[in-house]
Amino acid sequence: MSAPFRIEKPTYDAATGVARFPYALGDLRFTETLRFADGADADAAASAAFARLLDLTAIVLGVSYFKLTAPHRIIAGFPLNAAERDFALDVYSNGLGEFYARNNLTRFGKIEIDAPDDTSRARPAPLLRDRALLPIGGGKDSLVSVELLEAAGLDYTPFAVNPKGPILGSVDKIGRTPLYVDRTLDPEMIRLGKEPGYLNGHVPSTAINSMIAALTALLFSYSRIVLSNERSASEGNVMHDGREVNHQYSKSLEFEVRIANILGDATGGALNYFSLLRPYSEARIAKLFARETRFDHVFSSCNRNFKLSGHDGPLWCGECPKCHFTFLLMASRMDYGRMLSIFGHNFLDVPANERSFRELTGLAGQKPWECVGEIEEAAACLYILTQHPDWENAAIVRTLSDDLVAQYGRARLSAALAALFTDSPDHHIPRAIAERIAPHAL
């Protein structure tokens, strides 16, 4: 049995704007740091709510160090109440589901978290300004949130952790002063992750960035964190160890509800957290994105070509599942010339891409370990293209057309297509905001 993972008490230095998060794994010691922008509110930094968020952030950031050996026991050096303990177990279970599946580990229901019981009373609510912190990822989704918030006249500030590539290019086009946080992982953890005898793999990055956003919201007075996660993020990839595993778990509706409650409780109800795009399918978001052209040459959903500058080099590799899925969504929403100006060439006319598109549409293998939409959604989008004069003769479309109809049937594909443009009522957008957004999302 490997040594337990210890999450020590984090600290924040208001004079330097640096938070430190120490961890231990047997004899190994690690420290991760966050450096916040200048101008933070010293009173907010000294509040009970911020102290609680700092502890909870230590829990979530710890996944990067825990996964080196993935022990069954976690020890926290600060108190947790029952809801916070459940939240921590969820992060280290479902949040690391892909990591367990791809390393063939069985951890579901077996992880224990030891921490003193928190019996403190509810924390007073800090006074936060009526405005939103909007995480920008460089892809189409957060940019659609930009367009909707602006159209509705809602105040927001772009936010990112370690911004680069398409994030910088997108923020430049947005034209608002952003808030950035510098995150520095312990270099020894990175080194060990490449060594024999240690494990590596996927971590719930949205959960990590959301907790960093929560700290930023208190330090700079924002009453809400607005995510841009769509409804398809809730669909899993595979079954493992008796449970559905989802690459995008920390983008799912289930996790959104969990973290929103945790952040609300920690701040006396002052901090709100929700996804503005939760009612929409990826195809619906692509349609909204296509209405504007200002982000055409700065956005990217490609992890391979995540360049240091959003204006330097190709933003799309054209070979990965994220490139292929985004191309598939956009193809029926933009004219052919605009598509080529964005993506460089026709990804659907490259025979070597066939396997990838088969996996995306459920004709082979499993849903890729990427932030892509639902299987049936991709199938319905490809079905549109089989009847579109710009795309029907592309190599991939021709090759997959008959198999697509044979597997799903035309009636099912047509019904799936209609469902993509029917908004879901399953979301947690505050009513007042939903009503202001609705007229601009038609």
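Residues numbered from 1 in each chain as written. Predicted model: local features only at pLDDT ≥ 70, side-chain atom pairs only at ≥ 80, totals over all residues. Heavy atoms only, no water.

Student: Quick question: what am I supposed to make of the overall build of the protein chain here?
Tutor: Tallying secondary structure elements over the protein chain gives 18 helices and 13 strands in all. Its C-alpha atoms give the protein chain principal-axis dimensions of roughly 65 × 50 × 40 Å. Counting across all 442 residues of the protein chain, residues that qualify as buried make up 57%. The long-range share in the protein chain, meaning contacts at least 24 apart out of those at least 6 apart in sequence, stands at 74%. As displayed, the protein chain has an accessible area near 17,700 Å², and 49% of this comes from carbon and sulfur atoms. (Helix = DSSP H or I, 4+ residues; strand = E, 2+ residues; numbered from the N terminus. Buried < 20%, exposed > 50% of the residue type's maximum accessible area, 1.4 Å probe, protein only. Contact = heavy atoms within 4.5 Å. Areas by Shrake-Rupley, 256 points an atom, 1.4 Å probe, with all protein chains shown as cover.)

Student: What's the story with the packing of helix α2 (residues 48-61) against helix α9 (residues 205-220) in this structure? I'm lost.
Tutor: To characterise two packed helices, one gives the angle between the axes of the helices and the distance between these axes. The geometry of α2 relative to α9 is characterised by a closest axis approach of 9 Å and an angle of 165° between their N-to-C directions. When the axis of α2 is compared with that of α9, the two are roughly antiparallel. The handedness of the crossing between α2 and α9 is left-handed. Note on element contacts: α9 touches α2 through A207, I208, M211, I212, A214, L215, L218 and L219, opposite A49, F50, L53, L54, L56, T57, V60 and L61. Its residues placed into classes, the contact of α2 with α9 shows 15 nonpolar, 1 polar and no charged. (Axes fitted to C-alpha atoms, helices over the stretch in contact; angles between N-to-C directions. Parallel < 35°, antiparallel > 145°, perpendicular 65-115°, else oblique. Left-handed = near helix turned anticlockwise from the far one by under 90°. Nonpolar A, V, L, I, M, F, W, Y, C, P; charged D, E, K, R; others polar.)

Student: Even after reading the chapter, I still don't get the layout of surface pockets, so can you show me in this structure?
Tutor: Empty space among the atoms can be located by rolling a probe the size of a water molecule over them. Space inside the largest pocket adds up to approximately 1,600 Å³. Around the largest pocket, the lining is made up of 50 residues, and of these S205, T206, N209, K251 and N303 lie nearest the centre. Among the elements of the structure, α6 (140-152), β8 (156-161), α9, β10 (224-227) and α12 (321-331) are those that each provide at least two residues to the lining of the largest pocket. At 5 residues, the largest contribution of residues to the lining of the largest pocket is made by α9. Tallied by class, the residues present in the lining of the largest pocket amount to 18 nonpolar, 22 polar and 10 charged. In this structure, the second largest pocket occupies an estimated 190 Å³ of space. Looking at the second largest pocket, it is lined by 15 residues, and the ones nearest its centre are P279, Y280, D423, A434 and A438. In terms of residues, the lining of the second largest pocket owes the most to one element, helix α18 (residues 431-437), which gives 3 residues. (1 Å grid on protein atoms, 1.4 Å probe; cavity = no way out; pocket = protein on both sides within 12 Å on 5 of 7 lines; lining within 4 Å. Points joined across faces, edges and corners; volume = space filled by probe spheres on them.)

Student: Where do I start with the pattern of salt bridges in this structure?
Tutor: Side chains that differ in charge, positive against negative, can pair when their charged atoms come close. Evaluated as defined, the whole model comprises 27 salt bridges. A salt bridge links R191 to E195; its shortest N-O distance comes to 3.9 Å. Classification of R191 by relative accessible area gives partly exposed; the value is 41%. Look at E195 and you get partly exposed, because its relative accessible area is 34%. In this structure, D423 and R284 form a salt bridge, with 2.9 Å as the shortest nitrogen-oxygen distance. One end of the pair, D423, is in the loop between α17 (410-420) and α18; the other, R284, is in helix α11 (residues 282-289), with 139 residues separating them in the sequence. For D423, a relative accessible area of 36% translates into the label partly exposed. Within this structure, K9, R52, D55, E84, D118 and R123 form a network of salt bridges that share partners. (Salt bridge = Lys/Arg side-chain N within 4 Å of Asp/Glu carboxyl O.)

Student: Please clarify how the confidence of the model for the protein chain should be interpreted in this entry.
Tutor: Detailed reading of the predicted coordinates is not advisable wherever pLDDT is low. With 98% of its residues at a pLDDT of at least 70, the protein chain reaches an overall mean of 93. Long-range and interchain partners of residues 307-311, a stretch whose pLDDT sits below 50, account for 18 contacts in this model, where long-range means more than four residues apart. (pLDDT = per-residue confidence, 0-100.)

Student: Explain the packing of aromatic side chains here, please?
Tutor: Aromatic rings considered in pairs are described by the distance between their centres and by the relative angle of their planes. Counting across every chain of the model gives 19 aromatic pairs. With centroids separated by 6.1 Å and ring planes inclined at 75°, the aromatic side chains of Y12 and F36 adopt a geometry described as edge-to-face. Taken together, the positions of Y12 in strand β2 (residues 11-13) and F36 in the loop between β4 (28-35) and α1 (42-45) put the pair 24 residues apart, joining distant regions of the chain. Classification of Y12 by relative accessible area gives buried; the value is 18%. The class of F36 is buried, set by a relative accessible area of 4%. (Phe/Tyr/Trp six-rings, centres within 6.5 Å; stacked < 30°, edge-to-face > 60°.)

Student: In this structure, what is going on with α12? I would like to understand it.
Tutor: The α-helix advances 3.6 residues per turn, and as a result positions three or four apart in sequence lie on the same side. Most of α12 sits out of view: 11 of its 11 residues are buried. Within α12 the residues assigned to the buried category are P321, K322, C323, H324, F325, T326, F327, L328, L329, M330 and A331. Here the buried face of α12 lies against α6, α11, α13 (336-343), α14 (354-360) and α15 (375-385).

Student: What exactly am I supposed to notice about the pairing of β10 here?
Tutor: Both faces of the sheet carry side chains from a regular strand, because those side chains alternate between them. The alternating pattern of β10 places R224 and V226 on one face and I225 and L227 on the opposite face, and all of these are buried. For strand β7 (residues 132-135) and β10, the ladder comprises 2 bridges, and the chain directions are parallel. Directly across from A132, in β10, lies its bridge partner R224. Where β10 meets strand β13 (residues 272-275), 4 bridges bridge the pair, whose relative direction is parallel. From the neighbouring strand, R224 faces β13, where its bridge partner is N272. (Pairing = 2+ DSSP bridges.)

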